[in-house]
Amino acid sequence: MTTLLKSAPPLAHDRVVMDYDQRLMRRKLLTTQNGREFLVDLPSVTSLDDFWGFQTDGLNIEIVPAPEAVLVITGDLTRLAWHIGNRHTPCQILSDRLIIREDHVLERMLQGLGATIRRESLPFKPEGGAYGHGRTMGHTHTEAEQFGWHHHGDGQLHFHAPKPT
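Conventions adopted
- Residues numbered from 1 in each chain as written.
- Predicted model: local features only at pLDDT ≥ 70, side-chain atom pairs only at ≥ 80, totals over all residues.
- Heavy atoms only, no water.
- Salt bridge = Lys/Arg side-chain N within 4 Å of Asp/Glu carboxyl O.
- Helix = DSSP H or I, 4+ residues; strand = E, 2+ residues; numbered from the N terminus.
- Buried < 20%, exposed > 50% of the residue type's maximum accessible area, 1.4 Å probe, protein only.
- Arc of directions from axis to C-beta.
- Contact = heavy atoms within 4.5 Å.
- Core = buried A, V, L, I, M, F, W, Y, C linked by side-chain atoms within 4.5 Å.
- Pairing = 2+ DSSP bridges.
- Axes fitted to C-alpha atoms, helices over the stretch in contact; angles between N-to-C directions.
- Phe/Tyr/Trp six-rings, centres within 6.5 Å; stacked < 30°, edge-to-face > 60°.
- Lys NZ or Arg CZ within 6 Å of the ring centre and 35° of its normal.

Asker: Looking at this structure, I do not really get the pattern of salt bridges. What am I missing?
Answerer: Side-chain pairs of opposite charge can arise whenever the charged atoms involved come near each other. Per the stated rule, a full pass over the model turns up 10 salt bridges. Across the pair D41 and R26 runs a salt bridge whose closest N-O atoms are separated by 2.7 Å. Placement of the pair is D41 in strand β4 (residues 37-47) and R26 in strand β3 (residues 24-31), with a sequence separation of 15 residues. Its relative accessible area of 44% is what places D41 among the partly exposed residues. Note on R26: relative accessible area 33%, which makes it partly exposed. Residues participating in the shared-partner salt-bridge network are R26, R27 and D41.

Asker: Explain helix α1 (residues 77-86) to me, please; I cannot follow it from the model alone.
Answerer: Quick reminder: α-helices carry 3.6 residues per turn. Residues three or four places apart thus point the same way. Those residues of α1 lying buried are L77, L80, H83 and I84. All buried residues of α1 project into a common sector of 130° when viewed along the axis, lining one side. Facing away from the buried side of α1 by over 90 degrees, the exposed positions are T78 and W82. Residues of α1 that are buried make contact with β7 (67-74), β9 (98-101) and α2 (104-112). Downstream of α1 by a residue or two, H88 has a phi angle that is positive, lying close to 50°.

Asker: Is there a simple way to think about the nonpolar core in this case?
Answerer: Listed in full, the 12 residues of the largest apolar core are L71, I73, L77, L80, I84, C91, L98, I100, L106, L110, A115 and I117. Where this core is concerned, the elements lending two or more residues are β7, α1, β9 and α2. Element by element, the count of residues in this core is highest for α1, at three residues. Apart from residues no more than four positions distant in its own chain, I73 is found in contact with L80, I84, R97, L98, I100, L110, A115, T116 and I117. The next biggest cluster of nonpolar side chains, apart from the first, holds 11 residues, and it includes M18, L48, F54 and I61.

Asker: Would you explain the pairing of strand β6 (residues 59-65) in this entry?
Answerer: Residues in a regular strand project their side chains so that they alternate between the two faces of the sheet. Relative to β6, strand β2 (residues 14-18) runs parallel, the two being bridged by five bridges. Each bridged residue has a counterpart across the sheet, and for R15 the counterpart in β6 is E62. Bridge count between strand β5 (residues 53-56) and β6: four bridges; the pairing is antiparallel. Along β6, the bridge assignment pairs F54 with I61.

Asker: For this particular structure, what's the right way to read the sheet that holds strand β1 (residues 2-5)?
Answerer: Working definition: the strands of a sheet are paired by backbone hydrogen bonds and lie parallel or antiparallel to each other. Read from one edge to the other, the open sheet built from four strands follows the order β1-β5-β6-β2, with strand pairing classed as mixed. Looking at strand neighbours, the two that pair on one side only are β1 and β2, the edges of this open sheet. In this sheet, neighbouring strand axes are inclined to one another by 30° on average, regardless of whether the strands run parallel or antiparallel.

Asker: Looking at this structure, I do not really get the packing of aromatic side chains. What am I missing?
Answerer: The relation between two aromatic rings is expressed through the spacing of the ring centres and the mutual angle of the planes. Tallying each qualifying case throughout the model produces two aromatic pairs. Seen from their ring centres, Y20 and F124 are 5.3 Å apart, and the 75° between their planes marks the pair as edge-to-face. Taken together, the residues Y20 in the loop between β2 and β3 and F124 in the loop between β10 (116-123) and β11 (148-150) connect sequence positions 104 residues apart. The same class applies to Y20 and to F124, which are both buried. Ring plane angle 65° and centroid distance 5.3 Å describe the contact between F38 and F54, whose orientation is recorded as edge-to-face. One end of the pair, F38, is in strand β4; the other, F54, is in strand β5, and 16 residues separate them in sequence. Accessibility classification places F38 together with F54 in one group, the buried group. The side chain of K6 reaches across the aromatic face of F51, ending 4.7 Å from its centre.

Below is the structure:
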């Protein structure tokens, strides 16, 4: 059985290196850097960003964010962060820069807003959702607003259709 660990144990026996997308999972066979395989079978889709790692077969396996292609953004960070957030794009927010995954469309938009951008390969660890920890993985609806056109006070009108039966 594999258990998620919230905090670091005294000893890490191995590690798994995963990018941002890979760190969102429910069930998957993982391979550590030393070639050990173990099955992760979680009760629901889970962002591993909120956890230190796994304990399986008496071993402590650390989760390490993999380097990936990102854009490091400097400039008027408040304004630039607003435009990134308005596009529901995951963003790592630091005191002197913003980091998003490489995206040529957003890169051109941000340059047009006066941003200075450099490409790097770094571990990507964006900010979690506004209503708690973890990723922003969509939103929920009351029964009355489950289907049809509506918005959530954000000015973004969208439509949900019932699933065919």
